[in-house]
Number of protein chains: 2
Amino acid sequence: MPRPKFSDDLRAQKREQILDAAMAVFEKEGGEEALSFRRLATELGLSYSAPYRYFVDKQELVNALRARAFRWIEAEMRGAIVGLSEPEKQLESLAAAYIRSGMAHPHRYALMFFALDQLEVARRSIELKAAKRDALDVCTQVIAAGQARGNFPLDIDPLTASHLFWIGAHGLVSLQVAGQFVMGCDVKMLVPTLIHALRTGLEHADTSAKVPSKEKRHG
Amino acid sequence: MPRPKFSDDLRAQKREQILDAAMAVFEKEGGEEALSFRRLATELGLSYSAPYRYFVDKQELVNALRARAFRWIEAEMRGAIVGLSEPEKQLESLAAAYIRSGMAHPHRYALMFFALDQLEVARRSIELKAAKRDALDVCTQVIAAGQARGNFPLDIDPLTASHLFWIGAHGLVSLQVAGQFVMGCDVKMLVPTLIHALRTGLEHADTSAKVPSKEKRHG
DNA sequence: ATCATTAACATAACAGCGTCAACAAAAGTC
DNA sequence: GACTTTTGTTGACGCTGTTATGTTAATGAT
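Residues numbered from 1 in each chain as written. Chains lettered and ligands numbered in written order. Predicted model: local features only at pLDDT ≥ 70, side-chain atom pairs only at ≥ 80, totals over all residues. Heavy atoms only, no water.

So, the protein's contact with DNA strand C
In the vicinity of DNA strand C, 26 residues are found, and the nearest of them are A:Ser47, A:Tyr48, A:Arg53, A:Tyr54 and B:Arg38. In the environment of DNA strand C, a phosphate oxygen lies 3.0 Å from a nitrogen or oxygen atom belonging to the side chain of B:Ser36. Interatomic distance of 2.5 Å between a side-chain N/O atom of B:Arg38 and a base nitrogen of DNA strand C. Among the secondary structure elements, those contributing two or more residues to the surface near DNA strand C are helix H1 (7-29) of chain A together with helix H2 (37-43) of chain B. Counted by class, the surface near DNA strand C contains 11 nonpolar, 4 polar and 11 charged residues. (Near = heavy atom within 4 Å. Polar contact = N/O pair within 3.5 Å; in protein donor to acceptor, adjacent residues only side chain to side chain. Helix = DSSP H or I, 4+ residues; strand = E, 2+ residues; numbered from the N terminus. Nonpolar A, V, L, I, M, F, W, Y, C, P; charged D, E, K, R; others polar.)

Quick look at the structure:
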(Lines give C-alpha, C1' and ligand atoms only; values in the text may rest on other atoms or scores of the structure.)
Protein backbone atom coordinates (compact mmCIF):
# COMPACT_ATOMS: atom_id res chain seq x y z
CA MET A 1 0.00 0.00 0.00
CA PRO A 2 1.99 2.99 -1.19
CA ARG A 3 1.59 6.51 0.15
CA PRO A 4 -0.19 6.32 3.51
CA LYS A 5 2.18 8.16 5.92
CA PHE A 6 0.79 11.29 7.60
CA SER A 7 -1.74 11.84 4.88
CA ASP A 8 -4.60 11.82 7.39
CA ASP A 9 -3.07 14.66 9.33
CA LEU A 10 -2.23 16.56 6.21
CA ARG A 11 -5.70 16.08 4.90
CA ALA A 12 -7.27 17.45 8.07
CA GLN A 13 -4.87 20.37 8.01
CA LYS A 14 -5.72 21.20 4.43
CA ARG A 15 -9.40 20.90 5.28
CA GLU A 16 -8.99 23.51 7.98
CA GLN A 17 -7.06 25.70 5.58
CA ILE A 18 -9.85 25.52 3.03
CA LEU A 19 -12.39 26.26 5.73
CA ASP A 20 -10.39 29.31 6.80
CA ALA A 21 -10.45 30.67 3.28
CA ALA A 22 -14.11 29.80 2.88
CA MET A 23 -15.01 31.62 6.08
CA ALA A 24 -12.98 34.64 5.01
CA VAL A 25 -14.68 34.80 1.62
CA PHE A 26 -18.06 34.27 3.21
CA GLU A 27 -17.58 37.01 5.77
CA LYS A 28 -16.33 39.51 3.22
CA GLU A 29 -18.87 39.12 0.45
CA GLY A 30 -21.26 37.36 2.76
CA GLY A 31 -24.09 35.62 1.14
CA GLU A 32 -24.61 38.02 -1.70
CA GLU A 33 -23.55 35.31 -4.03
CA ALA A 34 -23.51 32.88 -1.14
CA LEU A 35 -20.15 31.21 -1.37
CA SER A 36 -19.54 29.61 -4.71
CA PHE A 37 -17.56 26.41 -4.64
CA ARG A 38 -15.74 27.37 -7.79
CA ARG A 39 -14.89 30.88 -6.66
CA LEU A 40 -13.58 29.58 -3.37
CA ALA A 41 -11.25 27.14 -5.10
CA THR A 42 -9.82 29.72 -7.47
CA GLU A 43 -9.47 32.18 -4.60
CA LEU A 44 -7.23 29.56 -3.00
CA GLY A 45 -5.13 29.31 -6.14
CA LEU A 46 -6.53 25.88 -6.88
CA SER A 47 -8.57 24.51 -9.69
CA TYR A 48 -12.32 24.69 -9.41
CA SER A 49 -12.72 21.03 -8.66
CA ALA A 50 -9.91 20.66 -6.14
CA PRO A 51 -11.95 21.00 -2.91
CA TYR A 52 -13.82 17.86 -3.84
CA ARG A 53 -10.77 15.95 -2.64
CA TYR A 54 -11.49 17.23 0.87
CA PHE A 55 -15.26 17.64 0.94
CA VAL A 56 -17.62 15.21 -0.70
CA ASP A 57 -20.16 17.95 -1.17
CA LYS A 58 -20.70 21.66 -1.00
CA GLN A 59 -23.14 20.91 1.80
CA GLU A 60 -20.46 19.22 3.84
CA LEU A 61 -18.25 22.28 3.56
CA VAL A 62 -21.10 24.59 4.49
CA ASN A 63 -22.00 22.40 7.44
CA ALA A 64 -18.42 22.49 8.66
CA LEU A 65 -18.56 26.27 8.40
CA ARG A 66 -21.82 26.27 10.30
CA ALA A 67 -20.32 24.18 13.09
CA ARG A 68 -17.47 26.67 13.30
CA ALA A 69 -19.93 29.51 13.73
CA PHE A 70 -21.61 27.67 16.59
CA ARG A 71 -18.23 27.07 18.24
CA TRP A 72 -17.56 30.76 17.90
CA ILE A 73 -20.77 31.94 19.55
CA GLU A 74 -20.26 29.35 22.28
CA ALA A 75 -16.88 30.93 23.02
CA GLU A 76 -18.50 34.38 23.08
CA MET A 77 -21.02 33.20 25.67
CA ARG A 78 -18.39 31.48 27.78
CA GLY A 79 -16.35 34.65 27.76
CA ALA A 80 -19.34 36.63 28.96
CA ILE A 81 -19.82 34.68 32.20
CA VAL A 82 -16.27 34.47 33.47
CA GLY A 83 -15.91 36.38 36.72
CA LEU A 84 -19.64 36.51 37.38
CA SER A 85 -20.91 34.45 40.28
CA GLU A 86 -24.60 35.31 40.46
CA PRO A 87 -26.63 33.04 38.15
CA GLU A 88 -28.98 35.88 37.29
CA LYS A 89 -26.10 38.08 36.19
CA GLN A 90 -24.57 35.19 34.26
CA LEU A 91 -27.82 34.56 32.45
CA GLU A 92 -28.25 38.19 31.53
CA SER A 93 -24.67 38.61 30.41
CA LEU A 94 -24.82 35.42 28.40
CA ALA A 95 -27.98 36.41 26.59
CA ALA A 96 -26.60 39.87 25.96
CA ALA A 97 -23.38 38.42 24.58
CA TYR A 98 -25.29 36.13 22.25
CA ILE A 99 -27.36 38.97 20.95
CA ARG A 100 -24.42 41.34 20.64
CA SER A 101 -22.27 38.79 18.84
CA GLY A 102 -24.97 37.83 16.40
CA MET A 103 -25.67 41.44 15.56
CA ALA A 104 -22.01 42.26 15.10
CA HIS A 105 -21.53 39.42 12.62
CA PRO A 106 -24.73 39.14 10.63
CA HIS A 107 -23.29 36.97 7.88
CA ARG A 108 -21.83 34.48 10.30
CA TYR A 109 -25.06 34.40 12.27
CA ALA A 110 -27.15 33.98 9.16
CA LEU A 111 -24.92 31.09 8.19
CA MET A 112 -25.92 29.36 11.41
CA PHE A 113 -29.63 29.44 10.74
CA PHE A 114 -30.77 30.72 7.38
CA ALA A 115 -30.71 27.94 4.85
CA LEU A 116 -34.04 26.76 3.67
CA ASP A 117 -32.87 24.27 1.11
CA GLN A 118 -30.01 22.72 3.03
CA LEU A 119 -31.88 21.82 6.17
CA GLU A 120 -32.32 18.15 5.40
CA VAL A 121 -28.62 17.74 4.86
CA ALA A 122 -27.77 19.85 7.88
CA ARG A 123 -29.84 17.57 10.05
CA ARG A 124 -27.53 14.69 9.23
CA SER A 125 -24.30 16.34 10.33
CA ILE A 126 -23.37 15.00 13.76
CA GLU A 127 -20.48 17.44 13.97
CA LEU A 128 -22.94 20.29 13.64
CA LYS A 129 -25.33 18.73 16.12
CA ALA A 130 -22.59 18.46 18.72
CA ALA A 131 -21.49 22.05 18.19
CA LYS A 132 -25.07 23.21 18.59
CA ARG A 133 -25.63 21.28 21.79
CA ASP A 134 -22.34 22.48 23.28
CA ALA A 135 -23.27 26.08 22.57
CA LEU A 136 -26.66 25.70 24.17
CA ASP A 137 -25.10 23.91 27.15
CA VAL A 138 -23.49 27.15 28.25
CA CYS A 139 -26.96 28.44 29.03
CA THR A 140 -28.31 25.14 30.31
CA GLN A 141 -25.51 24.80 32.84
CA VAL A 142 -25.99 28.32 34.15
CA ILE A 143 -29.65 27.61 34.73
CA ALA A 144 -28.99 24.23 36.32
CA ALA A 145 -26.44 25.80 38.64
CA GLY A 146 -28.91 28.53 39.50
CA GLN A 147 -31.54 25.94 40.33
CA ALA A 148 -29.08 24.07 42.55
CA ARG A 149 -28.38 27.27 44.44
CA GLY A 150 -32.06 28.08 44.75
CA ASN A 151 -32.01 31.12 42.46
CA PHE A 152 -34.35 29.62 39.90
CA PRO A 153 -37.51 27.54 40.34
CA LEU A 154 -37.23 23.79 39.91
CA ASP A 155 -40.44 23.14 38.02
CA ILE A 156 -38.88 23.57 34.59
CA ASP A 157 -35.97 21.48 33.38
CA PRO A 158 -32.83 23.43 32.50
CA LEU A 159 -32.71 22.27 28.89
CA THR A 160 -36.21 23.54 28.21
CA ALA A 161 -35.49 26.77 30.02
CA SER A 162 -32.33 27.38 28.03
CA HIS A 163 -34.34 26.81 24.87
CA LEU A 164 -36.60 29.58 26.04
CA PHE A 165 -33.67 31.96 26.16
CA TRP A 166 -32.42 30.72 22.84
CA ILE A 167 -35.84 31.37 21.32
CA GLY A 168 -35.84 34.94 22.52
CA ALA A 169 -32.28 35.69 21.53
CA HIS A 170 -32.57 33.99 18.18
CA GLY A 171 -35.85 35.69 17.41
CA LEU A 172 -34.37 39.09 18.13
CA VAL A 173 -31.12 38.57 16.28
CA SER A 174 -32.57 36.91 13.22
CA LEU A 175 -35.26 39.51 12.77
CA GLN A 176 -32.73 42.28 13.17
CA VAL A 177 -30.18 40.64 10.89
CA ALA A 178 -32.84 40.12 8.27
CA GLY A 179 -33.85 43.77 8.57
CA GLN A 180 -37.39 42.82 9.46
CA PHE A 181 -38.08 45.33 12.19
CA VAL A 182 -40.85 47.71 11.31
CA MET A 183 -39.98 51.37 11.14
CA GLY A 184 -40.74 53.25 14.32
CA CYS A 185 -39.82 50.44 16.66
CA ASP A 186 -37.42 51.38 19.42
CA VAL A 187 -34.80 48.71 18.87
CA LYS A 188 -32.53 49.97 21.63
CA MET A 189 -35.24 49.29 24.16
CA LEU A 190 -35.88 45.83 22.80
CA VAL A 191 -32.78 44.08 24.11
CA PRO A 192 -33.04 44.91 27.81
CA THR A 193 -36.79 44.48 27.74
CA LEU A 194 -36.55 41.07 26.15
CA ILE A 195 -33.90 39.83 28.55
CA HIS A 196 -35.90 41.10 31.47
CA ALA A 197 -39.03 39.45 30.17
CA LEU A 198 -37.31 36.12 29.72
CA ARG A 199 -35.81 36.15 33.18
CA THR A 200 -39.08 37.20 34.72
CA GLY A 201 -40.80 34.48 32.75
CA LEU A 202 -38.32 31.91 33.95
CA GLU A 203 -38.61 32.93 37.57
CA HIS A 204 -42.38 32.87 37.49
CA ALA A 205 -42.38 29.78 35.32
CA ASP A 206 -45.94 28.58 34.97
CA THR A 207 -45.73 25.13 33.50
CA SER A 208 -49.46 24.49 33.39
CA ALA A 209 -50.68 24.78 29.83
CA LYS A 210 -52.60 28.02 29.33
CA VAL A 211 -52.66 28.13 25.57
CA PRO A 212 -55.87 27.34 23.66
CA SER A 213 -55.43 24.06 21.81
CA LYS A 214 -57.72 24.19 18.81
CA GLU A 215 -55.32 21.86 17.02
CA LYS A 216 -52.95 19.19 18.08
CA ARG A 217 -49.52 20.60 18.48
CA HIS A 218 -46.67 19.63 16.20
CA GLY A 219 -43.46 18.58 17.72
CA MET B 1 -51.22 54.37 -29.42
CA PRO B 2 -52.52 50.93 -30.41
CA ARG B 3 -53.46 48.28 -27.90
CA PRO B 4 -53.93 49.91 -24.52
CA LYS B 5 -57.45 48.75 -23.46
CA PHE B 6 -57.75 46.50 -20.38
CA SER B 7 -54.24 45.19 -20.68
CA ASP B 8 -53.41 46.41 -17.18
CA ASP B 9 -56.17 44.31 -15.66
CA LEU B 10 -55.26 41.28 -17.70
CA ARG B 11 -51.64 41.63 -16.73
CA ALA B 12 -52.49 41.76 -13.04
CA GLN B 13 -54.75 38.77 -13.45
CA LYS B 14 -52.05 36.73 -15.16
CA ARG B 15 -49.61 37.80 -12.49
CA GLU B 16 -51.90 36.39 -9.81
CA GLN B 17 -52.27 33.21 -11.83
CA ILE B 18 -48.52 32.79 -12.04
CA LEU B 19 -48.22 33.48 -8.32
CA ASP B 20 -50.83 30.83 -7.61
CA ALA B 21 -48.88 28.25 -9.53
CA ALA B 22 -45.63 29.38 -7.97
CA MET B 23 -47.06 29.08 -4.47
CA ALA B 24 -48.42 25.63 -5.27
CA VAL B 25 -45.09 24.40 -6.57
CA PHE B 26 -43.29 25.97 -3.64
CA GLU B 27 -45.56 24.38 -1.05
CA LYS B 28 -45.37 20.96 -2.64
CA GLU B 29 -41.65 20.60 -3.22
CA GLY B 30 -40.89 23.41 -0.87
CA GLY B 31 -37.48 24.80 -1.10
CA GLU B 32 -35.70 21.58 -1.89
CA GLU B 33 -34.72 23.03 -5.19
CA ALA B 34 -36.15 26.33 -4.06
CA LEU B 35 -38.47 27.33 -6.83
CA SER B 36 -36.74 27.45 -10.17
CA PHE B 37 -37.93 30.10 -12.55
CA ARG B 38 -37.60 27.76 -15.48
CA ARG B 39 -39.42 24.88 -13.83
CA LEU B 40 -42.25 27.13 -12.80
CA ALA B 41 -42.72 28.38 -16.34
CA THR B 42 -42.79 24.94 -17.90
CA GLU B 43 -45.11 23.74 -15.14
CA LEU B 44 -47.49 26.43 -16.32
CA GLY B 45 -47.26 25.20 -19.89
CA LEU B 46 -45.26 28.25 -20.90
CA SER B 47 -41.77 28.67 -22.18
CA TYR B 48 -38.97 29.13 -19.68
CA SER B 49 -38.62 32.81 -20.28
CA ALA B 50 -42.29 33.75 -20.36
CA PRO B 51 -42.69 34.96 -16.74
CA TYR B 52 -40.24 37.75 -17.48
CA ARG B 53 -43.14 39.52 -19.15
CA TYR B 54 -44.84 39.76 -15.75
CA PHE B 55 -41.96 39.91 -13.31
CA VAL B 56 -38.80 41.83 -14.00
CA ASP B 57 -36.84 39.50 -11.77
CA LYS B 58 -36.98 36.24 -9.92
CA GLN B 59 -36.62 38.33 -6.77
CA GLU B 60 -39.76 40.27 -7.57
CA LEU B 61 -41.75 37.07 -7.90
CA VAL B 62 -40.34 35.71 -4.66
CA ASN B 63 -41.10 38.96 -2.89
CA ALA B 64 -44.67 38.87 -4.11
CA LEU B 65 -44.91 35.33 -2.76
CA ARG B 66 -43.45 36.53 0.52
CA ALA B 67 -46.02 39.31 0.79
CA ARG B 68 -48.74 36.72 0.23
CA ALA B 69 -47.41 34.64 3.09
CA PHE B 70 -47.50 37.67 5.39
CA ARG B 71 -51.09 38.40 4.35
CA TRP B 72 -51.94 34.81 5.15
CA ILE B 73 -50.49 34.83 8.66
CA GLU B 74 -52.16 38.17 9.29
CA ALA B 75 -55.49 36.56 8.46
CA GLU B 76 -54.71 33.68 10.80
CA MET B 77 -54.06 36.10 13.65
CA ARG B 78 -57.16 38.13 12.94
CA GLY B 79 -59.21 34.96 12.95
CA ALA B 80 -57.79 34.03 16.34
CA ILE B 81 -59.05 37.12 18.15
CA VAL B 82 -62.61 37.34 16.91
CA GLY B 83 -65.06 36.84 19.74
CA LEU B 84 -62.49 37.45 22.46
CA SER B 85 -62.91 40.63 24.48
CA GLU B 86 -60.17 40.41 27.12
CA PRO B 87 -56.89 41.84 25.77
CA GLU B 88 -54.87 39.24 27.63
CA LYS B 89 -56.82 36.42 26.02
CA GLN B 90 -56.53 38.10 22.64
CA LEU B 91 -52.79 38.40 23.03
CA GLU B 92 -52.37 34.79 24.01
CA SER B 93 -54.65 33.50 21.28
CA LEU B 94 -52.93 35.64 18.70
CA ALA B 95 -49.47 34.45 19.66
CA ALA B 96 -50.66 30.87 19.73
CA ALA B 97 -52.24 31.22 16.29
CA TYR B 98 -49.05 32.67 14.86
CA ILE B 99 -46.99 29.82 16.25
CA ARG B 100 -49.47 27.16 15.24
CA SER B 101 -49.80 28.49 11.70
CA GLY B 102 -46.08 28.78 11.18
CA MET B 103 -45.52 25.26 12.39
CA ALA B 104 -48.28 23.84 10.24
CA HIS B 105 -46.82 25.41 7.08
CA PRO B 106 -43.06 25.31 7.46
CA HIS B 107 -42.28 26.03 3.82
CA ARG B 108 -44.54 29.04 3.72
CA TYR B 109 -43.12 30.30 6.97
CA ALA B 110 -39.57 29.77 5.84
CA LEU B 111 -40.38 31.72 2.72
CA MET B 112 -41.26 34.69 4.90
CA PHE B 113 -37.91 34.87 6.64
CA PHE B 114 -35.21 32.53 5.44
CA ALA B 115 -33.39 34.08 2.52
CA LEU B 116 -29.90 35.17 3.18
CA ASP B 117 -28.98 36.33 -0.27
CA GLN B 118 -32.18 38.08 -1.19
CA LEU B 119 -32.41 40.36 1.80
CA GLU B 120 -31.12 43.48 0.11
CA VAL B 121 -33.71 43.15 -2.61
CA ALA B 122 -36.45 42.28 -0.15
CA ARG B 123 -35.78 45.50 1.70
CA ARG B 124 -36.77 47.48 -1.35
CA SER B 125 -40.21 45.95 -1.84
CA ILE B 126 -42.81 48.36 -0.49
CA GLU B 127 -45.56 45.82 -1.09
CA LEU B 128 -43.77 43.43 1.23
CA LYS B 129 -43.13 46.15 3.79
CA ALA B 130 -46.82 47.04 3.92
CA ALA B 131 -47.84 43.41 4.31
CA LYS B 132 -45.38 43.00 7.14
CA ARG B 133 -46.57 46.06 8.99
CA ASP B 134 -50.22 45.11 8.59
CA ALA B 135 -49.52 41.67 10.04
CA LEU B 136 -47.70 43.12 13.02
CA ASP B 137 -50.44 45.69 13.52
CA VAL B 138 -52.81 42.95 14.63
CA CYS B 139 -50.66 42.55 17.71
CA THR B 140 -49.90 46.24 18.13
CA GLN B 141 -53.56 47.14 18.16
CA VAL B 142 -54.42 44.51 20.73
CA ILE B 143 -51.73 45.88 23.02
CA ALA B 144 -52.76 49.49 22.45
CA ALA B 145 -56.36 48.61 23.21
CA GLY B 146 -55.25 46.77 26.33
CA GLN B 147 -53.30 49.80 27.45
CA ALA B 148 -56.31 52.05 26.87
CA ARG B 149 -58.40 49.77 29.05
CA GLY B 150 -55.75 49.63 31.73
CA ASN B 151 -54.85 45.97 31.26
CA PHE B 152 -51.27 46.67 30.23
CA PRO B 153 -48.76 49.16 31.60
CA LEU B 154 -48.23 52.36 29.69
CA ASP B 155 -44.47 52.65 29.97
CA ILE B 156 -43.76 50.76 26.77
CA ASP B 157 -45.08 51.80 23.41
CA PRO B 158 -47.35 49.26 21.68
CA LEU B 159 -45.18 48.89 18.61
CA THR B 160 -42.13 47.95 20.66
CA ALA B 161 -44.20 45.60 22.78
CA SER B 162 -45.63 43.86 19.75
CA HIS B 163 -42.11 43.43 18.44
CA LEU B 164 -41.34 41.65 21.69
CA PHE B 165 -44.08 39.14 20.98
CA TRP B 166 -42.97 38.82 17.43
CA ILE B 167 -39.45 38.08 18.57
CA GLY B 168 -40.60 35.29 20.82
CA ALA B 169 -42.98 33.76 18.31
CA HIS B 170 -40.56 34.04 15.45
CA GLY B 171 -37.70 32.63 17.46
CA LEU B 172 -39.76 29.62 18.42
CA VAL B 173 -41.22 28.93 15.02
CA SER B 174 -38.06 29.45 13.04
CA LEU B 175 -35.98 27.27 15.29
CA GLN B 176 -38.60 24.56 15.17
CA VAL B 177 -39.08 24.82 11.42
CA ALA B 178 -35.34 24.62 10.91
CA GLY B 179 -35.21 21.55 13.12
CA GLN B 180 -32.78 23.25 15.47
CA PHE B 181 -34.16 22.11 18.80
CA VAL B 182 -31.75 19.97 20.73
CA MET B 183 -32.83 16.43 21.48
CA GLY B 184 -34.34 16.04 24.92
CA CYS B 185 -36.05 19.39 24.96
CA ASP B 186 -39.71 19.30 25.89
CA VAL B 187 -41.13 21.18 22.93
CA LYS B 188 -44.74 20.81 24.06
CA MET B 189 -43.95 22.75 27.19
CA LEU B 190 -42.19 25.47 25.25
CA VAL B 191 -45.20 27.16 23.69
CA PRO B 192 -47.27 27.89 26.82
CA THR B 193 -44.16 28.74 28.79
CA LEU B 194 -42.97 31.21 26.19
CA ILE B 195 -46.34 32.91 25.87
CA HIS B 196 -46.62 33.15 29.61
CA ALA B 197 -43.12 34.55 29.88
CA LEU B 198 -43.79 37.19 27.26
CA ARG B 199 -47.03 38.30 28.85
CA THR B 200 -45.45 38.37 32.28
CA GLY B 201 -42.55 40.31 30.83
CA LEU B 202 -44.91 42.80 29.24
CA GLU B 203 -46.92 43.31 32.40
CA HIS B 204 -43.84 43.83 34.52
CA ALA B 205 -42.16 45.79 31.77
CA ASP B 206 -38.95 47.20 33.12
CA THR B 207 -37.83 49.75 30.62
CA SER B 208 -34.70 50.80 32.46
CA ALA B 209 -31.67 49.35 30.75
CA LYS B 210 -30.20 46.47 32.72
CA VAL B 211 -27.97 44.98 30.09
CA PRO B 212 -24.18 45.38 30.31
CA SER B 213 -22.97 47.54 27.46
CA LYS B 214 -19.40 46.51 26.73
CA GLU B 215 -19.94 47.58 23.15
CA LYS B 216 -22.06 50.12 21.47
CA ARG B 217 -25.26 48.56 20.31
CA HIS B 218 -26.11 48.20 16.66
CA GLY B 219 -29.43 49.29 15.40
C1' DA C 1 17.27 2.64 -8.84
C1' DT C 2 13.19 1.15 -10.82
C1' DC C 3 8.50 0.20 -10.99
C1' DA C 4 3.86 0.14 -9.43
C1' DT C 5 0.45 2.27 -6.86
C1' DT C 6 -1.99 6.05 -5.17
C1' DA C 7 -2.87 10.53 -3.82
C1' DA C 8 -3.38 15.36 -5.42
C1' DC C 9 -4.55 18.30 -8.85
C1' DA C 10 -6.12 20.02 -13.69
C1' DT C 11 -9.16 19.84 -17.42
C1' DA C 12 -13.32 18.76 -19.99
C1' DA C 13 -17.87 18.03 -19.98
C1' DC C 14 -22.89 17.82 -18.43
C1' DA C 15 -27.07 19.51 -16.77
C1' DG C 16 -29.18 23.08 -14.63
C1' DC C 17 -29.82 27.87 -13.39
C1' DG C 18 -31.11 33.26 -14.15
C1' DT C 19 -31.14 36.46 -17.67
C1' DC C 20 -31.25 38.91 -21.98
C1' DA C 21 -31.52 39.60 -27.11
C1' DA C 22 -33.56 38.47 -31.23
C1' DC C 23 -37.43 36.88 -33.52
C1' DA C 24 -42.53 35.06 -34.57
C1' DA C 25 -47.23 35.59 -33.81
C1' DA C 26 -51.30 37.74 -32.23
C1' DA C 27 -54.21 41.43 -31.02
C1' DG C 28 -55.52 45.89 -30.73
C1' DT C 29 -56.06 50.82 -33.05
C1' DC C 30 -56.29 53.67 -37.04
C1' DG D 1 -55.35 46.27 -44.43
C1' DA D 2 -51.33 48.69 -42.32
C1' DC D 3 -49.10 49.75 -38.12
C1' DT D 4 -47.74 49.16 -33.49
C1' DT D 5 -47.60 47.09 -29.23
C1' DT D 6 -47.88 43.15 -26.41
C1' DT D 7 -47.13 38.16 -25.65
C1' DG D 8 -44.61 34.16 -26.33
C1' DT D 9 -40.71 31.16 -28.25
C1' DT D 10 -36.05 30.19 -29.12
C1' DG D 11 -31.07 30.69 -28.75
C1' DA D 12 -27.31 32.13 -26.34
C1' DC D 13 -24.21 33.70 -22.42
C1' DG D 14 -22.11 33.02 -18.20
C1' DC D 15 -22.58 31.07 -14.03
C1' DT D 16 -23.32 27.04 -10.83
C1' DG D 17 -22.49 22.08 -8.65
C1' DT D 18 -20.79 17.80 -9.94
C1' DT D 19 -18.54 13.83 -12.25
C1' DA D 20 -15.33 11.58 -15.31
C1' DT D 21 -11.00 11.52 -17.26
C1' DG D 22 -6.43 12.59 -17.71
C1' DT D 23 -1.88 14.19 -15.67
C1' DT D 24 1.72 14.76 -12.29
C1' DA D 25 4.23 13.74 -8.24
C1' DA D 26 5.30 11.17 -4.28
C1' DT D 27 5.73 7.03 -1.87
C1' DG D 28 6.46 1.66 -0.85
C1' DA D 29 8.06 -2.39 -2.45
C1' DT D 30 11.36 -4.75 -5.19
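A short note on the pattern of salt bridges
If you walk through the whole model with that rule in mind, you get 16 salt bridges over all chains. The salt bridge involving B:Arg68 is made with B:Asp20; its shortest N-O contact spans 2.8 Å. Here B:Asp20 lies in helix H1 (residues 7-29) and B:Arg68 lies in helix H3 (residues 58-81), a separation of 48 residues in the sequence. The class of B:Arg68 is partly exposed, set by a relative accessible area of 24%. What makes B:Asp20 partly exposed here is its relative accessible area of 42%. Members of the salt-bridge network, linked through shared partners, are A:Arg71, A:Glu74, A:Arg78 and A:Asp134. (Salt bridge = Lys/Arg side-chain N within 4 Å of Asp/Glu carboxyl O. Buried < 20%, exposed > 50% of the residue type's maximum accessible area, 1.4 Å probe, protein only.)

Notes on the side chain of A:Thr200
Structurally, A:Thr200 can be placed in helix H9 (residues 187-203). Discounting chain neighbours no more than four positions away, the residues touching A:Thr200 are B:Thr200 and B:His204. (Contact = heavy atoms within 4.5 Å.)

As for the packing of helix H4 (residues 87-104) of chain B against helix H9 (residues 187-203) of chain B
Residues and elements named next belong to chain B. Between H4 and H9, the shortest axis-to-axis distance is 11 Å and the interhelical angle comes to 140 degrees. The pairing of H4 with H9 is recorded here as oblique in orientation. Relative to H9, H4 is oriented so that their crossing is right-handed. Facing H4, whose interface residues are Glu88, Leu91, Glu92, Ala95, Ala96 and Ile99, H9 presents Val191, Ile195, Arg199, Leu202 and Glu203. (Axes fitted to C-alpha atoms, helices over the stretch in contact; angles between N-to-C directions. Parallel < 35°, antiparallel > 145°, perpendicular 65-115°, else oblique. Left-handed = near helix turned anticlockwise from the far one by under 90°.)

Things to note about the confidence of the model for chain A
All names here are of chain A. Residues of chain A with pLDDT of at least 70 account for 81%, and the chain-wide mean is 77. Averaged pLDDT values for the elements of chain A fall to 59 in helix H6 (residues 119-123) and rise to 88 in helix H2 (residues 37-43). The model gives residues 208-219 a pLDDT under 50, and that stretch makes 19 contacts with residues more than four places away or in other chains. (pLDDT = per-residue confidence, 0-100.)

Quick look at the nonpolar core
A:Tyr98, A:Ile99, A:Phe113, A:Leu172, B:Tyr98, B:Phe113 and B:Leu172 are the most contacted members of the largest nonpolar core, which has 100 residues in total. If we skip the residues at most four places from it in the chain, A:Phe113 touches A:Phe70, A:Tyr98, A:Trp166, A:His170, B:Leu175 and B:Gln180. Counting 16 residues, the second-largest nonpolar core is a separate cluster that includes A:Leu35, A:Phe37, A:Val62 and A:Leu111. (Core = buried A, V, L, I, M, F, W, Y, C linked by side-chain atoms within 4.5 Å.)

Some words on the packing of aromatic side chains
Residue and element names in this part refer to chain A. Following the criterion strictly, the structure yields 2 aromatic pairs over all chains and no others. Here Phe37 and Tyr52 contribute two aromatic rings whose centre-to-centre distance is 4.8 Å and whose plane-to-plane angle is 65 degrees, an arrangement assigned as edge-to-face. Placement of Phe37 in helix H2 and of Tyr52 in the loop between H2 and helix H3 (58-81) is noted, with a sequence separation of 15 residues between them. For the cation-ring pair, Arg38 lies above Tyr48, with the distance from its terminal atom to the ring centre recorded as 4.4 Å. Positioned above the aromatic ring of Trp72 is the side chain of Arg108, whose terminal nitrogen or guanidinium carbon lies 4.5 Å from the ring centre. (Phe/Tyr/Trp six-rings, centres within 6.5 Å; stacked < 30°, edge-to-face > 60°. Lys NZ or Arg CZ within 6 Å of the ring centre and 35° of its normal.)

Observations regarding H3(A)
In this model, H3(A) (24 residues) spans 36 Å end to end at C-alpha, consistent with the 34 Å of a helix rising 1.5 Å per residue. Following H3(A) by one or two positions, A:Gly83 has its phi on the positive side, about 90 degrees. (Expected span 1.5 Å × (residues − 1).)

Brief notes about the environment of A:Leu136
All names here are of chain A. Tracing the sequence through the fold places Leu136 in helix H7 (residues 126-148). Taking the relative accessible area as the measure of exposure, Leu136 reaches 7% and is therefore buried. Along the sequence, Leu136 and Phe70 sit 66 residues apart, while their C-alpha atoms lie 9.3 Å from each other.

Quick notes on the packing of H3(B) against helix H5 (residues 106-113) of chain B
Residue and element names in this part refer to chain B. Where H3 meets H5, the closest approach of the two axes is 9 Å, and the angle between their N-to-C directions is 115 degrees. H5 is crossed by H3, and the crossing has left-handed handedness. The residues of H5 that touch H3, namely those facing Val62, Leu65, Arg66, Ala69, Phe70, Trp72 and Ile73, are Arg108, Tyr109, Leu111, Met112 and Phe113. Classifying every residue of the contact of H3 with H5 by side-chain character gives 10 nonpolar, no polar and 2 charged.

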